[in-house]
Amino acid sequence: MRLDKWLKVSRLIKRRTVANEACDNQRVLVNGRPARASYEVKPGDRLELRFGERALHLEVLAVTEYAGKADAPALYRELEPGE
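Residues numbered from 1 in each chain as written. Predicted model: local features only at pLDDT ≥ 70, side-chain atom pairs only at ≥ 80, totals over all residues. Heavy atoms only, no water.

## Focus: the pattern of salt bridges
Stage number 1. Applying the stated rule across the entire model yields 5 salt bridges.
Stage number 2. The partner of arginine 16 in a salt bridge is aspartate 4, with the nearest N and O atoms 3.3 Å apart. Within this pair, whereas arginine 16 is found in helix α2 (residues 16-24), its partner aspartate 4 is found in helix α1 (residues 3-9), the two being separated by 12 residues in sequence.
Stage number 3. Taken together, the salt bridges that share partners define one network made up of Arg2, Asp4 and Arg16. (Salt bridge = Lys/Arg side-chain N within 4 Å of Asp/Glu carboxyl O. Helix = DSSP H or I, 4+ residues; strand = E, 2+ residues; numbered from the N terminus.)

## Description of the sheet that holds strand β4 (residues 54-60)
Stage number 1. Pairing is antiparallel across the open sheet formed by 5 strands, whose spatial order is β2-β1-β3-β4-β5. Edge strands, defined here as strands with exactly one partner in the open sheet, are β2 (33-34) and β5 (76-78).
Stage number 2. Two elements, β4 and β5, share 3 bridges in a ladder whose sense is antiparallel. Considered in β5, the bridge of glutamate 59 is made with arginine 77. (Pairing = 2+ DSSP bridges.)

## Description of the side chain of serine 10
Stage number 1. Mapped onto the elements of the fold, serine 10 is located in the loop between α1 and α2.
Stage number 2. Among the polar contacts listed, one links the side chain of serine 10 to the backbone oxygen of leucine 7, at a separation of 3.1 Å. (Polar contact = N/O pair within 3.5 Å; in protein donor to acceptor, adjacent residues only side chain to side chain.)

## Structural notes on α2
Residues spaced three or four apart along an α-helix face the same direction, because each turn holds 3.6 residues.
Stage number 1. Regarding α2, the residues found buried are Ala19, Ala22 and Cys23. Taken around the axis of α2, the buried residues stretch over an arc of 100°, which confines them to a single face. Residues of α2 that are exposed and angled more than 90 degrees away from the buried face: Thr17 and Asp24.
Stage number 2. Buried residues along α2 sit against α1 and β1 (28-30).
Stage number 3. Backbone geometry just after α2 places glutamine 26 at a positive phi near 55°. (Buried < 20%, exposed > 50% of the residue type's maximum accessible area, 1.4 Å probe, protein only. Arc of directions from axis to C-beta. Contact = heavy atoms within 4.5 Å.)

## Focus: the nonpolar core
Stage number 1. Counting residues in hydrophobic clusters, the biggest one holds 23 residues, and the most contacted among them are Leu3, Trp6, Leu7, Leu12 and Leu47.
Stage number 2. Looking at this core, the elements that each hand over two or more residues are α1, α2, β1, β3 (46-51) and β4.
Stage number 3. Counting residues per element, this core draws most heavily on α1, at 4 residues.
Stage number 4. Look past the residues within four positions of leucine 3 in its chain and what remains in contact with it is Cys23, Val28, Val30, Ala35, Arg36, Ala37, Tyr39, Val41 and Leu47. (Core = buried A, V, L, I, M, F, W, Y, C linked by side-chain atoms within 4.5 Å.)

Next comes the structure, spelled out in structure tokens:
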């Protein structure tokens with residue numbers, strides 16, 4: 001699944017166009033490297049999302065086409081910055 005779509009399905013970013021812009025502005029890193037919106041997300045990938053001064057570190061646990069509001073947090077696990 002594309003990175004921008006996964007960010008929307010996981011409800012980390014509200015809209016896919018916003019996720020696409022975040023990737024274009026290099027605010028999303030995958031495994032330590034800036035990623036394009038078309039990057040194919042796989043379980044085990046480590047993401048870093050930067051929102052202004054705040055950075056969110058995640059590990060992808062699952063990739064699914066649809067996740068309800070209650071199921072979305074099961075798609076990822078938050079990591080400590082050095083982890």
